Amino acid sequence: MSTRSDPYLRIRQVVFTITMVAMTALMVAVFLLALVVGEGIAELYSSE
Amino acid sequence: MGWVAVGIIYIALVVFFFIYLGPSLFAITGLGFAVWFVVIYIRTLYSIMAVDPSPIATPLAHAPSPTPPASDQPAYRQYFFGQAIADLKHSASVSFARCQDIVERSSTWIRSSFFQNEMVLATWPLGIVSYAGLVSGGVVGGVVLSAIAAIHALVVLILQAIALAVAYTLRLIDTGARRARRISMRCPRCYEDINFPAYDCPATSCSIRHGDVRPGRYGVLRRSCACMTRMPTLIILGSHRLDAYCPHCDSPLAEGVGTAAEVVLPVMGGTAAGKTRLMASMVMALDEMADEHGAQLVFADAETKREYERIRPLLVAGESTRATQVGQGPRAYSVYVAPKSGRRKLVHIFDPAGELHNETERMQELRYIRAARSFLFVVDPLSISDYWRGLTDAERSSFAQDRPDQRLVKAPEFVFQTSYDNIMRMGVNTKRSRLAVAITKQDVVGSSSLQASVEPNSDRIEAWLRDELGLGNMLRSMRLNFGDVAFFFSAAVRVNDGVDRSVVDIVRWLLAGERLYLGDRSHAPESTFSKEAVVPS
């Protein structure tokens, strides 16, 4: 049976990694959404 | 006039700054602060969550105690049962404090750099833009931080739900697997049914006892003891390798308990009927049968091994075994039997003091009987008054030393009826149970004038007990109440370096009822006890 200095270390690392991946994914999604919305607005103005 | 022109130029420059440079500077400053705040949060989160040892570690939400109250366990709580939220709060509060510090220091720097100098008329617009950038950066950073914290909280919530689902699914799988294999656990000391054993921490320097290690708020696959040693939470995950104890009475359980179906063989009978000797012989018979048929026999606990090693030399030497002490309750011989084909089983042969079978109140202590489906009733022929009276004077004087003290002995009919009443009271369906009746001490009395014409097979022995020894009522009760009854002569002695065949026959017949076959898989064999082959003790 193994012993660790911090019983929560591994699970904390997992949670941190998942949080960072989710945050990055959210930021990319927001950026892409902004890009699409921006293009849409630009198209709207150019057609007018 | 000149001053007016200077004023106009100054105002024009300020307006120019706010229209053309200010917005860009405002955006850069704001973005800078926002990114700075986000970086601070991520670095804080990293320090708390991914560094060991962390310089800003979260205090334990629940510090385990080696001697916790009854509602608690001497183990660290599973991360998602308290510590995860503590980490979230801690990272938010540390980040907030750090960001607040940045804001205060930046604010001080902006004030001293742009509003408290000799060139204040030239620098104040930069100060205004910097302040605005700081405020907007704070707002944007706050929004982003909140989004990250919300993601963190969501991740924690989702993982907590998954942890709970996995924990209870694992419990179900473990319970289901044990039920499918008909594995139940029972304490050989207090005889209570055990849902799950208590386990000692495997660390040699610790040995704290954990009452319930199953998946839950103290761990899903593993739990961390207060000493930080990790332990498996289920038998399917390896907890059977730990030292197991009864959660009701703290008695040690068999090694590997919960990994094999249990077979309970209660041995009943009056005082000094020869139960202890017969039971030890049964274990020896099991051992020899296992050797003969390529099966494996392993002592399930140290106590069984110790007791067997104590009693075996006495049996081999043909010496007397001391009577089982009353008051401590019976203790089982517990052995794992792994046949060549078929599943391994844990066989408990219980060794009660004969006195318990005479007393209804004390008989209740023998709760293990609830789990039994095969019973062995031991009858000392010398305790049957008709038998004793039928012997010749010479035989009586020869057997006198083997006859139990008549002041302590109850008639077999009484002992059987008391035992049966208690079996019924404990809810055993005897109609579906088997009863072996062993007429013991055949090594002593087998050649007596009363038995000379009795062939050692079940039907003849039954007829002899009924017709010549006046036990008809007891036999009728046995036949009426038990699904299957067989009668054996038995001699708990060794013949030609082996246990007497009569004991082997009893063991084989009893185990056949539990679907544990060592060698012959046919119906219960008839006794092959041979009077000539027995070595008198």
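Remember, it's a predicted structure, so these values are computed and weren't measured experimentally. (Residues numbered from 1 in each chain as written. Chains lettered and ligands numbered in written order. Predicted model: local features only at pLDDT ≥ 70, side-chain atom pairs only at ≥ 80, totals over all residues. Heavy atoms only, no water.)

1. Focus: empty space enclosed by the protein
Residue and element names in this part refer to chain B. Taken as a whole, this structure holds two cavities of 30 Å³ or more when the rule is applied. Here the largest cavity defines a volume of roughly 70 Å³. Together, G270, T271, A273, F377, V378, V379, D380, S383, V409, K410, P412 and V415 line the largest cavity. For the lining of the largest cavity, the secondary-structure elements that each account for two or more residues are strand 12 (374–379) and helix 9 (412–425). The greatest single-element share of the lining of the largest cavity, amounting to three residues, is contributed by strand 12. Within the lining of the largest cavity, the residues separate by chemical class into seven nonpolar, three polar and two charged. (1 Å grid on protein atoms, 1.4 Å probe; cavity = no way out; pocket = protein on both sides within 12 Å on 5 of 7 lines; lining within 4 Å. Points joined across faces, edges and corners; volume = space filled by probe spheres on them. Helix = DSSP H or I, 4+ residues; strand = E, 2+ residues; numbered from the N terminus. Nonpolar A, V, L, I, M, F, W, Y, C, P; charged D, E, K, R; others polar.)

2. Points about the side chain of N457(B)
Residues and elements named next belong to chain B. Inspection of the secondary structure puts N457 in the loop between helix 10 (442–445) and helix 11 (458–467). Overall, N457 belongs to the buried group, its relative accessible area being 15%. Here the side chain of N457 touches R460 through a polar contact of 3.1 Å, landing on its backbone nitrogen. (Buried < 20%, exposed > 50% of the residue type's maximum accessible area, 1.4 Å probe, protein only. Polar contact = N/O pair within 3.5 Å; in protein donor to acceptor, adjacent residues only side chain to side chain.)

3. Quick word on the packing of aromatic side chains
Residues and elements named next belong to chain B. The tally for this structure, following the rule as stated, stands at 21 aromatic pairs over all chains. The interplanar angle of 70 degrees and the centroid separation of 6.0 Å between the aromatic rings of F196 and Y199 together place this pair among those described as edge-to-face. Per residue, the accessibility class of F196 equals that of Y199, and both read buried. The interplanar angle of 50 degrees and the centroid separation of 6.3 Å between the aromatic rings of F416 and F482 together place this pair among those described as tilted. One end of the pair, F416, is in helix 9; the other, F482, is in the loop between helix 12 (472–481) and strand 14 (484–489), with 66 residues separating them in the sequence. You can call F416 buried: its relative accessible area is 1%. Joined through ring pairs, the aromatic side chains of F375, F377, F416, Y420 and F482 make up one cluster. Stacked on the ring of W509, the Lys or Arg R434 has its end atom at 4.0 Å from the ring centre. (Phe/Tyr/Trp six-rings, centres within 6.5 Å; stacked < 30°, edge-to-face > 60°. Lys NZ or Arg CZ within 6 Å of the ring centre and 35° of its normal.)

4. Here's the deal with the nonpolar core
Within soluble globular proteins, side chains that are nonpolar tend to cluster in buried spots. Ranked by size, the top nonpolar core spans 58 residues in total, and within it V15(A), M49(B), Y79(B), F80(B), Y199(B), M231(B) and L253(B) carry the most contacts. Going through the elements one at a time, helix 1 (9–47) of chain A together with helix 1 (2–50), helix 2 (83–115) and helix 3 (120–180) of chain B are the ones with two or more residues in this core. At ten residues, helix 3 of chain B tops the list of elements feeding residues into this core. (Core = buried A, V, L, I, M, F, W, Y, C linked by side-chain atoms within 4.5 Å.)

5. Here we look at the environment of T304(B)
All names here are of chain B. Looking at where T304 falls in the secondary structure, it is placed in helix 5 (residues 302–317). Distance from T304 to C246, taken between C-alpha atoms, is 16 Å for residues 58 residues apart in sequence. Residue contacts for T304: discarding those within four places in its chain leaves F299, A332, Y333, S334 and V335. (Contact = heavy atoms within 4.5 Å.)

6. Comments concerning the pairing of strand 8 (residues 261–269) of chain B
All names here are of chain B. Among the nine residues in strand 8, nine count as buried, and that is most of the element. Both strand 8 and strand 12 contribute to a ladder of three bridges, which runs parallel. In the sheet register, G269 faces strand 12, and the bridge partner there is V378. (Pairing = 2+ DSSP bridges.)

7. Details of the pairing of strand 13 (residues 434–439) of chain B
Residue and element names in this part refer to chain B. By the criterion of burial, strand 13 is predominantly enclosed, with six of the six residues buried. Summarising the sheet, strand 12 and strand 13 pair through six bridges and their orientation is parallel. By the bridge assignment for strand 13, L376 is matched with A436.

8. What about the interface of chain B and chain A?
Listed as interface residues are 33 residues of chain B and, on the opposing side, 21 residues of chain A. The contact between chain B and chain A buries some 2400 Å² in all, and 74% of this surface belongs to carbon and sulfur atoms. Looking at the side of chain B facing chain A, the largest losses of area belong to M49(B), M228(B) and R230(B), adding up to 25% of the total buried there. Of the charged contacts in the structure, one is a salt bridge between D87(B) and R12(A), with a shortest N-O distance of 2.6 Å. Applying the counting rule to chain B against chain A returns three residue pairs in polar contact (both at pLDDT 80 or more). Here the side of chain B that touches chain A takes seven residues from helix 3 of chain B, the largest share from any one element. Across the side of chain B that touches chain A, the residue classes tally to 23 nonpolar, six polar and four charged. (Buried area = accessible area lost by both parts, 1.4 Å probe. Salt bridge = Lys/Arg side-chain N within 4 Å of Asp/Glu carboxyl O.)

9. Details of the pattern of salt bridges
Residues and elements named next belong to chain B. On inspection of all chains with the given rule, the structure shows 17 salt bridges over all chains. Across the pair R105 and D101 runs a salt bridge, and its minimum N-O distance is 3.3 Å. A residue pair is termed a helical-turn pair when its members lie 3 or 4 positions apart in one helix, as R105 and D101 do in helix 2 at four residues. When the shortest N-O distance is used, the salt bridge between K441 and D380 registers 2.8 Å. Separated by 61 residues along the polypeptide, K441 in the loop between strand 13 and helix 10 and D380 in the loop between strand 12 and helix 7 (385–390) bring together distant segments of the chain. D380 matches K441 in its accessibility class, with the two residues each being buried. A single network of salt bridges, built from pairs that share partners, joins R186, D193 and E262.

10. Considerations on the confidence of the model for chain B
Residue and element names in this part refer to chain B. With 91% of its residues at a pLDDT of 70 or more, chain B has an overall mean of 85. Across residues 523–537, confidence stays below pLDDT 50; counting only partners more than four residues off in sequence or on other chains, it has 39 contacts. In the predicted assembly, ipTM is 0.85 and pTM is 0.70. (pLDDT = per-residue confidence, 0-100.)

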